[in-house]
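For reference, the chains in residue letters:
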Amino acid sequence: MEIDDLKRDWLNLDFDEQKFELRADQMLDFARAVGETAPRFTDPDDPDFQAPPTFTARFHSRRLLPDEFPRIGLPLDAGKAVMPQHPLRAGTELVGRSHLHEIYEKTGRSGRMIFLVARMELYEGEKLASIVDSRMVIREKPNQ
Amino acid sequence: MTSRRFSDVEFGEDLPPLTPDTSIPNVTTFVKAAGMLNERFTDHEAARKQGLPGAIVPGIMSQAVMASMIHHWAPEAQVEKIDTVFRAPVLVGHPHTVTGVVTDMDDDAHTVEIDLTLENEAGETRVLGTATVRLP
Amino acid sequence: MILDLHAHSVKSDDGRAKVRNYCQWIRKKEIGIDGFVLTEHRQFDRESDYGPLAAEFDLAILKASEVETEYGHVLVFGVREPLTHALDFADIRLPLARVLEESDRHGAIAVPCHPGRTRVGMCAHVEALGVPTGVRILEVLNGGSRGREDQAAQELASAQGWLGIGGSDAHIVSHIGRCATRFPGPIADEGDLVEALRAEEFEAISWKSTT
């Protein structure tokens, strides 16, 4: 599988759109389980009550990769970056749109690997609320 | 909680380390809240059947613990970016330590860069990351 | 002179450290190294000029590369323009024999790194592919090693009579200088480094708190 072909065919095309709701109970449990103690994350009555900054990392597109993306192996989670754009309040509905943002290859601890970065941009109405980059790594199958 | 302003911060400053609660009940609370219920996170035996050394802490939980450590250090900090690499499994029920250190400061933007690591008892880095954080 | 022979900056796809911050960190934390070598993945960084930073912080900042072969990753020190034409640094399937040969031909020196690491290190491949010829030096201390990885590297080097260097393999600022290499004399540039490696008088050192 040539990396340049994958880049040409799959980069920067939206392949998924999904709606998510920010639920106060989930925001609270998430915050408490990871040790947050600031009232803006742990007290629903706090006037600044909001989701922890990485809360949006829990939102997934319906599929990890575009439907027709070549089946070169099983994508594994290699890391995540979250770029919150503004505080997210309980009850807000977000729309997440996903595209492949980067594709590259390298040899890693597990042999030749193809790295994909799927970027989900989460919008609150027209406003960009958060960006979540999911790095995936696909270990090349033998004889590929 | 003590407020920490940009002017209080020094390059190279260590953030107070945080010991995350990696117990099965707490990880279970997290995975429910994160909508990622899977026995690999909450059941050692089931995780072993999936080829793992035991139940593992979800990567996004480790990431969120790192953000939490930043808030313990600077309660009003706004995380602008947190980028984590999951290098090796973080085992449920094992002691781990999250550390952070200030590695860059932008005087104009009032932001700092923080190196983040999550290590196991053997001192091996399991999760590695960096964060960009805005301070008042 | 002590140099960390293996570090990555933001020029590498997985590097998160700015070179200035490495310098600030070394001085602020009084890390016991006199400089470091930037070994960016699958490329040679021609453009960056670290001269002013080196002068400002009184550190040696040298440039090299980390390429990828069937035996795992390999550091190439002393890279000059002709070598970048002789080898496609971006190719992740370079034959090690060619890397060693072309490096030698072009006044550079190739050193397999983190050999104890699964797949990307040489130890895992020696059984299947045999011990390669032409290797003289191995990275035996790597700041990112886990468990017995460094020990496996040292065992391989010792069994083959190869020499060992150390490098942090830092990708973030605070990991610079975890491992390094001590040389008997001063090293001002990449040419000096190749000479010092060829002189075979150096030792790998580690400041890692754990193995």
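Provided above is the structure to which this section pertains.
Nothing here was measured: the structure is a model prediction, and the numbers come from that model.

(A) Region of interest: the packing of helix H2 (residues 24-33) of chain A against helix H1 (residues 24-33) of chain B. As a packed pair, H2(A) and H1(B) sit with axes 8 Å apart at the nearest point and diverge in direction by 145 degrees. As H2(A) packs across H1(B), the resulting crossing turns out to be left-handed. Residue-level inspection shows Gln26(A), Asp29(A), Phe30(A) and Ala33(A) of H2(A) in contact with H1(B), the latter providing Asn26(B), Thr29(B), Phe30(B), Lys32(B) and Ala33(B). For the contact of H2(A) with H1(B), a count of residues per class yields 4 nonpolar, 3 polar and 2 charged.

(B) Structural context of the interface of chain A and chain C. Residue-level contacts link 12 residues of chain A with 16 residues of chain C. Counting each side, the surface lost to burial between chain A and chain C is near 1100 Å², with a carbon and sulfur contribution of 40%. In this structure, the connection of chain A to chain C is made through 0 salt bridges. For the pair chain A and chain C, the number of links is 1 residue pair in polar contact (both at pLDDT 80 or more). Listed by contribution, the elements that provide at least two residues to the side of chain A that touches chain C are strand E3 (93-108), strand E4 (111-124) and strand E5 (127-139) of chain A. Among the elements that line the side of chain A that touches chain C, the one with the most residues is E3(A), at 5 residues. Taken together, the residues of the side of chain A that touches chain C break down into 1 nonpolar, 4 polar and 7 charged.

(C) Examining the packing of aromatic side chains more closely. Residue and element names in this part refer to chain A. The tally for this structure, following the rule as stated, stands at 9 aromatic pairs over all chains. Summarising the aromatic geometry, the rings of Phe55 and Phe59 are spaced 5.9 Å apart at their centres and angled 90 degrees between planes, so their arrangement reads as edge-to-face. Residue classification places Phe59 among the buried residues on the basis of a relative accessible area of 5%. Their ring planes at 5 degrees and their centres at 5.2 Å tell us that Tyr104 and Phe115 sit as a pair that is stacked. With a gap of 11 residues between them, Tyr104 in strand E3 and Phe115 in strand E4 connect regions that are remote in the sequence.

(D) Representation of the sheet that holds strand E2 (residues 35-41) of chain C in the model. Residue and element names in this part refer to chain C. If you walk across this open sheet you meet the 7 strands as E5-E4-E3-E2-E1-E8-E9, and the pairing is mixed. On the outer flanks of this sheet lie strand E5 (109-112) and strand E9 (203-206), each paired with one strand and no other. The average angle at which neighbouring strand axes cross in this sheet is 30 degrees, direction not considered. Where helix H1 (residues 19-28) meets the sheet, it contacts strand E1 (2-7), E2 and strand E3 (60-69), and its direction lies at approximately 150 degrees from that of E2.

(E) Focus on the pairing of strand E2 (residues 78-86) of chain B. Two elements, strand E2 (residues 75-84) of chain A and E2(B), share 4 bridges in a ladder whose sense is antiparallel. Paired with Gly79(A) across the two strands is Val85(B), which belongs to E2(B). Judged from the 8 bridges that link them, E2(B) and strand E5 (residues 125-134) of chain B form a sheet pairing that is antiparallel. Each residue of the ladder has a partner; that of Val79(B), found in E5(B), is Val133(B).

Cut-offs applied
- Residues numbered from 1 in each chain as written.
- Chains lettered and ligands numbered in written order.
- Predicted model: local features only at pLDDT ≥ 70, side-chain atom pairs only at ≥ 80, totals over all residues.
- Heavy atoms only, no water.
- Axes fitted to C-alpha atoms, helices over the stretch in contact; angles between N-to-C directions.
- Helix = DSSP H or I, 4+ residues; strand = E, 2+ residues; numbered from the N terminus.
- Left-handed = near helix turned anticlockwise from the far one by under 90°.
- Contact = heavy atoms within 4.5 Å.
- Nonpolar A, V, L, I, M, F, W, Y, C, P; charged D, E, K, R; others polar.
- Buried area = accessible area lost by both parts, 1.4 Å probe.
- Salt bridge = Lys/Arg side-chain N within 4 Å of Asp/Glu carboxyl O.
- Polar contact = N/O pair within 3.5 Å; in protein donor to acceptor, adjacent residues only side chain to side chain.
- Phe/Tyr/Trp six-rings, centres within 6.5 Å; stacked < 30°, edge-to-face > 60°.
- Buried < 20%, exposed > 50% of the residue type's maximum accessible area, 1.4 Å probe, protein only.
- Pairing = 2+ DSSP bridges.

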